[in-house]
Each structure stands twice: as C-alpha cells, then as structure tokens.
Amino acid sequence: METTLITNLTVSDICNGFTYSKLEEKGLFGWGGQLIIQPEYQRHYIYGDGKHDADVIYSLLKGYPLGLLYFVKRCDGKYEVLDGQQRITSFGRYLTGHFSIIDEDKREKQFNALPDDKKDKIRNSPLTIYVCEGTESEIKQWFETINIVGMKLTDQEKRNAIYSGKFVSEAKKIFSNSSNTNMKKWRSYIKGDPKRQEILEEALRWVSMAEKDNKLIDKYMSDHRELGDITELKNNFESVIDWINSTFTDVEPKMKGLEWGRLWRTYHEQGYNPEFLSKRIQELLADTQIEDPSGIWEYVLGGEQDTRLLDVRVFDQRTKALVYQKQTIKAKEGHIGNCPDCVLEAKANKEKIWSLKEMEADHVTAWSNGGATDIDNCQMLCIRHNRLKGNR
C-alpha cells in the first residue's frame, strides 16, 4: 500500500462538480468529476439528519479541521473516497443548497444566504487528504481498519465492502433505498434502517437460512458476488412478506423483528384461517399472564402447543411459600405426604413431606385451559411430578 499526502485542496476544490442523488441518497461525484464519492463498498449517507450534517458546517465555520480524508487512486486515474464520504457529502450538500443550518440569530440559513465572509471561510477551508494506491484486498482491509472509530460500521456495511460487486450493487437498489415505496410495509416486520443496510441484511438472512449462523450470509454473498442477478434474493423476500400479509390481517408492533424467514420455511405450507388467527392473537395480546408477547405468532402457527414460547407468568416466591405452608400443614394433619401426586401413588413417597426447595409451583388448571397465575390456582408438587406434568 502506497500513500501520498495532499494538503493543497480546499472544500471548494472538492465541491467543484459535486452532484448528489436524492433518489439514491448519496453523493456521486466531485473534484471536477475526478472523485467518486460513494463507491459500492461505502456505507450509505447517514449524516442527513439535521445534526451530523450541520455539525460538519459548524466545524468549518469555527475553523476546526475535519480530520483526515482517504482517497483511493484507481487504475483509470480517477479517485474513490475510502474514508470521509459522510463529511464530503455533508459540505457538498450544504454548498449546493440541500439543507440549512441555524445561525447565531436562531434563523435557518442556506449557503447562499450566508454573509460573503462566511461563504469564503467554508469554501477556502483546507483539507488533509491521503491518497492510497494498492490491491483491492489491501484497500478493503484498510477501509475496515480506519472505520473502527466514529460511527461504527454495521456488520452488513462491512459485508458490502468485502463482497462489493454486481450483486451488492443490484441488491442495494431495492433493499437499501429508503425511498422504495414498499419500505414502510417491510419495516413493519423488520427492525433496522435501510441506510445502515439492515433491511438488506435481513433479506440475506432469510434466503441463506442464517438465523443461527451469520457466516451463511457471507457465504451467500461470496457465491453471488459477480453474478449481478438478485432474482432468488428478491423472490424469497417477497414470498416471506406476501405470506405474512396473507396470514395475519393485523400489523402489531410485536411483529417487528421476529424470525420471519424461519417461520415462513416452517409453516408456509400449512393452511390457516386469518380471521381465527387474528381473534386468537388479540386475545393472547390482552392476556396479562403472558410475559413474552413476541412468541404469540409462532405459538398460534404451531397450533398452540408450545407454551414455552410465551413465557407464561410464574408464581412469585410469596405465593409459593404460602401455598407450601398451607399444603404441608394439611398433609401432616392427614398423615400423608405434601405432594398431591405422590399421595396418589402406592410408593414410599406417599407419606413424604418434601421441603420447599424440593417442590415447584404448578397451575391446578393449566394456563392453556384458562387457569390464572394466582394463589387460588396454585399447588406445590415435587419436582419429579411437576416435570412429568409439564411434559404431558
């Protein structure tokens, strides 16, 4: 890797020929067309939040240095931004009228409305740039190294850098475009920001079946890197989304972030009545005994068999102690054991008095049959019998 230090360029030089794509939400070119601001391995522009982008301009107005910028010199003589595209896009967008800052008088000011001296201060701000030349693997290794500070790269942003190529380019057009008309619907079910590549990451997780091993995402991207065909990725993603929409008539906040790819693979070949599922889900969401409502959707898809998905509320220590005391006193008075199920067996434990730590609380009427988690529906069983009951 060879590096050359450049200190004679200013903000005005880099903004010469600056173009910004609002559709793709990224800076495209600068420095008179010599500079490619966001090559495919770079993250999307994420400073456009009214704070980070404005802070870049405030720094220039105060005379603060923006820090090192890194460019890569390509074999065709042009340059790519290796590190610094957020800062470059911010001052480029400001000079071309894409956003305002708040001045000392608490008024919004675009660049053209600034006094001439402030315009000149921004334009003439010097930049410190390292130009790097090396192999593709060297460039991308350095890219990952210099991005360990600041706003940390997400895992998928790193993958996009490592596996940049036709596949990433095409996939980002759909799954990383926050202007996509489908994005609002998708984000009802998926956590994350398309600008941070988290929607793309989930689409890749679904198609590569990587719920338990993210290395499968890397393998899928490596295998498809130069193909430029995202048909399988797109079709799989749309199949999952369409299945969710057709199976569940209500969109609930707890649906966001579920393992929809795995749920689709497991259950999409079964038939369901959406109206029945809707009614049942609303009942379960209203049930205060359920500690983990996010498990409700898999619970109903699986025929309401596995209550572990719901983390049904357990009896507190005070309730268990009171029930144990009452149950044990009655057992001793009757000269029988204090585990009701042991009493029913013709074995040595028929008259055994278990200690509290040797017993577990049990719903007399199971929660799945409408039983409440309260003292009137609690009994203490020895550990063996409680586990046997739980496995039935």
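Student: Describe the pairing of strand 11 (residues 378-382), naming the residues involved and giving the relevant values.
Tutor: If a strand is regular, its side chains alternate between the two faces of the sheet. Counting buried residues along strand 11, 5 of its 5 residues qualify, which places the element largely inside the surrounding structure. What you see with strand 11 is no split at all: Cys378, Met380 and Cys382 on one side and Gln379 and Leu381 on the other are buried throughout. Looking at chain direction, strand 10 (residues 359-363) and strand 11 are connected through 5 bridges and run antiparallel. Bridge pairing in strand 11 places histidine 363 opposite cysteine 378.

Student: An account of the side chain of glutamate 360 is requested, with residue identities and associated values reported.
Tutor: With respect to the helices and strands, the residue glutamate 360 is situated in strand 10. Classification of glutamate 360 by relative accessible area gives buried; the value is 19%. Of the polar contacts made by the side chain of glutamate 360, one reaches the side chain of asparagine 386; its length is 2.7 Å. When residues no more than four places from it in sequence are discounted, the contact partners of glutamate 360 are Gln379, Met380, Leu381, Ile383, Asn386 and Arg387.

Student: Tell me what's going on with the packing of aromatic side chains, and back it up with residues and numbers.
Tutor: For the coordinates displayed, the defined rule picks out 15 aromatic pairs. Ring geometry for phenylalanine 167 versus tyrosine 220: centroids 6.0 Å apart, planes at 65 degrees, classification edge-to-face. On the criterion of sequence distance, the pair formed by phenylalanine 167 in helix 7 (residues 166-175) and tyrosine 220 in helix 10 (residues 215-224) is long-range, its members being 53 residues apart. The residues phenylalanine 167 and tyrosine 220 share a single accessibility class, namely buried. Here the aromatic rings of tyrosine 189 and tryptophan 260 are separated by 6.2 Å at their centres, their planes lie at 75 degrees, and the arrangement is edge-to-face. Of this pair, tyrosine 189 sits in the loop between helix 8 (183-186) and helix 9 (198-208) while tryptophan 260 sits in helix 12 (residues 260-267); the two residues are 71 residues apart in sequence, bridging distant segments of the chain. Within the aromatic cluster, the residues linked to one another by ring pairs are Phe175, Trp186, Trp206 and Phe237.

Student: Account for the pattern of salt bridges, naming residues and giving values.
Tutor: Tallied over the full model, the rule gives 26 salt bridges. Arginine 387 is paired through a salt bridge with glutamate 360; the nearest N and O atoms lie 2.3 Å apart. Separated by 27 residues along the polypeptide, arginine 387 in helix 17 (residues 383-390) and glutamate 360 in strand 10 bring together distant segments of the chain. Each of Arg159, Glu201, Glu202, Arg205 and Asp218 takes part in a single network of salt bridges with overlapping partners.

Rules and cut-offs
Within each chain, residues carry numbers counting from 1 in the order of the written sequence. It should be noted that, the model being predicted, local features are given only for residues of pLDDT at least 70 and side-chain atom pairs only at 80 or more, the latter also being counted only at that level, while totals for whole chains, interfaces and linings use all residues. Note that the side-chain values use all heavy atoms of the structure and ignore hydrogens as well as water. Classification of residues uses two cut-offs on accessible area relative to the type maximum, computed with a 1.4 Å probe and protein chains only: under 20% is buried, over 50% is exposed, and between them is partly exposed. For the purposes of this entry, the term helix denotes a DSSP run of H or I that reaches at least four residues, the term strand denotes a run of E that reaches at least two, and both are numbered from the N terminus. One bridge is not enough; two strands pair if DSSP finds at least two bridges between them. Side-chain atoms alone can form a polar contact between residues adjacent in sequence; in general such a contact is a pair of N or O atoms within 3.5 Å, and within protein one must be able to donate a hydrogen while the other accepts it. Any two residues whose heavy atoms approach within 4.5 Å are treated as being in contact. For Phe, Tyr and Trp, rings pair up if their centres lie within 6.5 Å, where Trp contributes its six-membered ring, and each pair is then called stacked (planes under 30 degrees apart), edge-to-face (over 60) or tilted (otherwise). Salt bridges are identified by distance alone: a Lys or Arg side-chain nitrogen within 4 Å of an Asp or Glu carboxyl oxygen.

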